[in-house]
Amino acid sequence: MGRAAAFILRRRGGKGWHWTDIVTWVWLIGGLFIMFGPALWLMFSSFKTPAALAEFPPSILPYTSQQVSVEGHDKPLTLYDVTLPDGTTKKLAEVRRIGLFSQMVDPAKPDETIRVNINSRKPVQELSFATENYTGPFVHFDFFRYLWNSVFVTVMATLITLIVNSMAAFALSKYEFRGRSVAMLIILATLMVPLSVIMVPLYSIISALGLFNNLWGVILPTVATPTGVFILRQYMLTIPDELIDAARMDKASEWQIYWRIVLPLTAPALAVLAIFSVVWRWNDFLWPLIVLSRKELYTLQVGLSIYSGELNVQWHFILAMTVVTMIPVVLVFIFLQRFITTGIAGTGLK
Amino acid sequence: MGQITLSNVKKSFGNIDVLHGINLDINDGELVVFVGPSGCGKSTLLRAIAGLEKITSGEIAIDGKPVNDVTAADRGLAMVFQSYALYPHMSVRQNLAFGLENSKMPKAEIDERITEAARMLEIEPYLARRPGQLSGGQRQRVAIGRAIVRRPVAFLLDEPLSNLDAELRVSTRAELAALHARLSSTMIYVTHDQVEAMTLADRIVVLRAGKIEQVGTPLELYNTPANRFVAGFIGAPHMNFLEGTVSSVQSGNLVVALADGYQLAIPARETSLEQGARITLGIRPQHVTFGSGDKSIKAKIKLVEALGSETVLHTEVAGQKFLVVIPGQHDLASGMDIDLSLSSAPIHLFDKDGHRI
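Residues numbered from 1 in each chain as written. Chains lettered and ligands numbered in written order. Predicted model: local features only at pLDDT ≥ 70, side-chain atom pairs only at ≥ 80, totals over all residues.

Keep this limit in mind: UniProt positions are given in the numbering used here, feature names are shortened, and annotations may be inferred rather than shown by experiment.
Looking at an unreviewed UniProt entry, chain A carries the name Alpha-1,4-digalacturonate transport system permease protein, with the source organism given as Phyllobacterium ifriqiyense. Here chain A is described in UniProt, under the heading Subcellular location (unreviewed entry), as follows: "Cell membrane". One UniProt comment on chain A, placed under Sequence similarities (unreviewed entry), says "Belongs to the binding-protein-dependent transport system permease family."

Encoded structure:
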């Protein structure tokens, strides 16, 4: 603890403040707000009621106005702290609002109506978590079906991505053949082609293959990524060729060299690509929306869009479900990041 | 059996010729060392024999059968790499077993062979460890073990000691020699270190620029180097060369004039040298002694290296560098003039093209 604090609080200026210390602190604290603020806001807002979400000025924590049932009124009334003309404050319930004035009633004396200027009253608020934002969708929204679709697409696409890309990377890094660098260049060049350009031809291919309204139609077009090939190839270039020569002398077939030597040694790069692939596929929206038109095939991201209707956006459900969809990605990252940082324990080479 | 025959083996990378027609017979059970300066093609030749490089022309035969079109895996050879090339993600046992599993050997036999090799190389305690957890010397043994368990026709070793520190190198060298005696299988050993070559080899093959300069036992190479290159390469410190011209040829005597007018009489063997021919004298630093007399030269000391058991003198003779190794300790300093006697030194003569006379 002492050492961690010393590490975090140490300054270039020693006891004083060097200007770089100030810039560093401003930069890091600003960064913390910019990066972490929205995530925090999302988390708290997902527990707000629709009314609290619409409130201005917005709050970070989910507050709700306290309600009270008053005799003679069917609906519960909202409770306010009111400053009376004589300077005393009292808790009153609002019956109705007319222009700049509000008709209020003391819950203890329901017969007596008091006219109050709206500026002299403040709602009584309390912290409350609207958990129905989370439970609601599970009941009237086919959450588990969408979740399963999303998991299926993500897991399958990631597995195939890792295998296909590592094979391409193996060939491009460990085999000498004519046109090797040209092939690599062409693969990298496809990075410059955005999805919107190839969307229509891709759609005709998927349609011709009969993969329309099929989860494989979402998976297959995404599995060969130039980024993945590039990451893995650069990593495989660092694996010494002598290891592969040694495996060849050890009677290993080319497949065994790939599967038993190169792939295990590429684990850190595979972990990076796996994280990328999971995040990409999990958050994919446009392509699944195009390919999937039957509701029971929707992935989570497409399914969530049904909460934003033409006239009405149910923000409270969208926020809550966004939090839920974030969880797997965060878990995958926490699980895989160990592989990135540890790398391979020993190299066996000098 | 492990007889390897190379006939006119050529290899080029693009238009760069690396090997220019190598002819060599390696007998069964022989330890042959390929030695030469870096870039001479010795590693390429070894990789060609291993089957890791395709040769451009010529023929490689193992036990009389041409293997040009046989893959590295099926030539029945095992190789120890300079970097050891152990599989970092496998334990020592898995490293040893990998090649055997690939040839579909029964598990019991694999275990038996690993146990035997591990005992021979004293790596039994480390079988469960990964290469990263071993020291350099232990990794080296595992690399050799991986070759031994294969029971190959011949072992190919590519500078296996170059990654070890000096002390370990000496002890491992002795162990390798013992191992060769025990296994009595053919070994081809590549090194640029002529001391390793001298101590280990049954026969040494000296390579330069893709050509064989000389093949012979270590002492043959030391005593009768075929040319100036071999003479300079074998022996440490390297042989001294003095340039001169033949000033007179008499029966039984050859008088050579060095640059500064020194006249040196050498008992001549049968020679067809003519007066005025350019000639190089080769004298090993260890064969020079102090003393004046009829076969002596004057030298000026430039640097004294006192090693305790011997003293290395960097001197200048007739404007040319001349190394002297004298046993024992001597009170000498740079700048002094001394007389060196060559009366007990075998003098090697090389003609103007560097060939031995």
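Read on, since the account is not over.
**A few points about the overall build of chain B**
Our working definition: Starting at the N terminus, helices and strands are each numbered in turn, a helix being any DSSP run of H or I of at least four residues and a strand any DSSP run of E of at least two. Each residue is classified by how many other C-beta atoms fall within 10 Å of its C-beta atom, where C-beta atoms are placed from the backbone; a count of 20 or more means buried, 12 or fewer means exposed, and values in between mean partly exposed. Remark: residues whose backbone-derived C-beta atoms lie within 7 Å of one another are considered to be in contact.
The helix and strand tally for chain B stands at 8 helices and 20 strands. Its C-alpha atoms give chain B principal-axis dimensions of about 75 × 45 × 35 Å. When the 357 residues of chain B are sorted by exposure, 38% land in the buried category. Of the contacts made within chain B by residues no fewer than 6 positions apart, 64% connect residues no fewer than 24 positions apart.

**As for the interface of chain A and chain B**
Quick reminder of the rule: Classes in brief: Ala, Val, Leu, Ile, Met, Phe, Trp, Tyr, Cys and Pro nonpolar; Asp, Glu, Lys and Arg charged; the others, Gly included, polar.
Listed per partner, the contact involves 21 residues of chain A and 24 residues of chain B. Put simply, the parts of the chain that give the side of chain A that touches chain B at least two residues each are helix 10 (241-249) and helix 11 (254-265) of chain A. Top contributing element to the side of chain A that touches chain B by residue count: helix 10 of chain A, with 6 residues. When its residues are assigned to classes, the side of chain A that touches chain B shows 11 nonpolar, 4 polar and 6 charged.

**Points about the domain arrangement of chain A**
What counts, and what does not: Segmentation of the chain into domains, including their bounds, is taken from an automatic or database domain assignment.
What the domain assignment reports for chain A is domain 1 (2-44), domain 2 (63-127) and domain 3 (134-342). The C-alpha centroid of domain 3 of chain A is placed 56 Å from the C-alpha centroid of domain 2 of chain A.

**Some details on the packing of helix 2 (residues 92-102) of chain B against helix 4 (residues 136-148) of chain B**
Residue and element names in this part refer to chain B. Quick note on the threshold: The angle between two axes is taken between their N-to-C directions and runs from 0 to 180 degrees, where each axis is a line fitted to C-alpha atoms and a helix contributes only its stretch in contact. Roughly parallel means an angle under 35 degrees; roughly antiparallel, over 145; roughly perpendicular, 65 to 115; everything else is oblique. Two helices cross in a left-handed way if the nearer one is turned anticlockwise from the farther one by less than a right angle. They cross in a right-handed way if the turn is clockwise.
The contact between helix 2 and helix 4 brings their axes to 8 Å, and the two run at 30 degrees. As the angle between them shows, helix 2 and helix 4 are arranged roughly parallel. In the packing of helix 2 onto helix 4, the handedness of the crossing is right-handed. Across from Val92, Asn95, Leu96 and Gly99 in helix 2, the residues of helix 4 making contact are Val142, Gly145 and Arg146. Classifying every residue of the contact of helix 2 with helix 4 by side-chain character gives 3 nonpolar, 3 polar and 1 charged.

**Topic: the domain arrangement of chain B**
Residues and elements named next belong to chain B. If you check the domain split of chain B, you get domain 1 (4-233) and domain 2 (240-350). Each of domain 1 and domain 2 was reduced to a C-alpha centroid, and the two centroids are 39 Å apart. Taken together, the 4 residues of domain 1 in the interface contact 5 residues of domain 2. Residues belonging to the side of domain 1 that touches domain 2 are distributed by class as follows: 2 nonpolar, 1 polar and 1 charged.

**What about the sheet that holds strand 11 (residues 240-250) of chain B?**
Residue and element names in this part refer to chain B. Quick reminder of the rule: In this description, strands pair whenever DSSP reports at least two bridges between them.
With respect to topology, 5 strands assemble into an open sheet ordered 13-12-11-14-20, the strand pairing being antiparallel. Since the sheet does not close on itself, it has two edges, and those belong to strand 13 (263-267) and strand 20 (348-350), each with one partner. Across the sheet, the axes of successive neighbouring strands diverge by a mean angle of 40 degrees, strand direction being ignored. The pairing of strand 11 with strand 12 (residues 253-258) spans 6 bridges and is antiparallel. By the bridge assignment for strand 12, Gly244 is matched with Leu258.

**Comments concerning the confidence of the model for chain B**
Let me state the cut-off plainly: Note: pLDDT gives the predictor's confidence per residue, expressed from 0 to 100.
Here chain B shows a mean pLDDT of 89. Residues at 70 or above account for 98%. Reported confidences for the modelled complex are a pTM of 0.79 and an ipTM of 0.83.

**Comments concerning the sheet that holds strand 16 (residues 296-306) of chain B**
Residue and element names in this part refer to chain B. Across the sheet, 5 strands lie side by side as 15-19-16-17-18; this open sheet has antiparallel pairing. Looking along the sheet, the strands with just one partner apiece sit at the ends: strand 15 (289-290) and strand 18 (320-327). Sheet topology note: the strand 16/strand 17 (residues 310-317) ladder contains 6 bridges and is antiparallel. Bridging across to strand 17, Lys300 finds its partner in Glu316.

**Observations regarding the UniProt feature "domain: ABC transmembrane type-1" (unreviewed entry) in chain A**
The sites that UniProt annotates as "domain: ABC transmembrane type-1" (unreviewed entry) are residues 147-336 of chain A. Span residues 147-336 of chain A is 74% helix and 0% strand, its end C-alpha atoms 21 Å apart.

**Digging into the environment of Tyr262 of chain B**
Residues and elements named next belong to chain B. Here Tyr262 is to be found in the loop between strand 12 and strand 13. Residue Tyr262 is classed as partly exposed on the basis of its C-beta count, with 15 C-beta atoms lying within 10 Å. It is 46 Å that separates the C-alpha atoms of Tyr262 and Pro160, two residues lying 102 residues apart in sequence. What Tyr262 contacts, discounting residues up to four positions off in sequence, is Ile297 and Ala318.

**Details of the nonpolar core**
For the record, the criterion: The nonpolar core is taken to be a set of buried Ala, Val, Leu, Ile, Met, Phe, Trp, Tyr and Cys residues joined by way of C-beta atoms within 7 Å.
Val33, Phe34, Ile49, Ala50, Met79, Leu156 and Ile188 of chain B are the most contacted members of the largest nonpolar core, which totals 121 residues. Among the elements that line this core, the one with the most residues is helix 12 (residues 267-283) of chain A, at 7 residues. Setting aside chain neighbours within four positions, we find Met79 of chain B in contact with Met249 of chain A together with Ala50, Ala147, Leu156 and Asp158 of chain B.

**Observations regarding the UniProt feature "transmembrane region" (unreviewed entry) in chain A**
Residues and elements named next belong to chain A. Using the residue numbers shown here, the UniProt feature "transmembrane region" (unreviewed entry) corresponds to residues 21-44, 146-170, 182-203, 215-236, 257-280 and 315-336. In the segment residues 146-170, helix accounts for 100% and strand for 0%; the C-alpha atoms at its two ends are 36 Å apart. For the annotated span residues 315-336, helix accounts for 100% and strand for 0% of the residues, and the straight-line distance between the end C-alpha atoms is 32 Å.

**Focus: unusual backbone geometry**
Excluding glycine, most residues fall at negative phi; most peptide bonds, likewise, are trans. Residue and element names in this part refer to chain B. The peptide bond linking Ala236 to Pro237 adopts the cis configuration, its omega dihedral lying at -10 degrees. Along the chain, the position of Pro237 falls in the loop between helix 8 (228-233) and strand 11. Although it is not a glycine, Asp63 adopts a positive phi angle of roughly 50 degrees. For Asp63, the location among the structural elements is in the loop between strand 4 (57-62) and strand 5 (65-66). Looking at Asp63, the number of C-beta atoms within 10 Å reads 15, which means it is partly exposed. Positive phi, close to 40 degrees, is recorded for Ser184, a residue that is not glycine. Mapped onto the elements, Ser184 comes out in the loop between helix 5 (166-183) and strand 8 (186-191).

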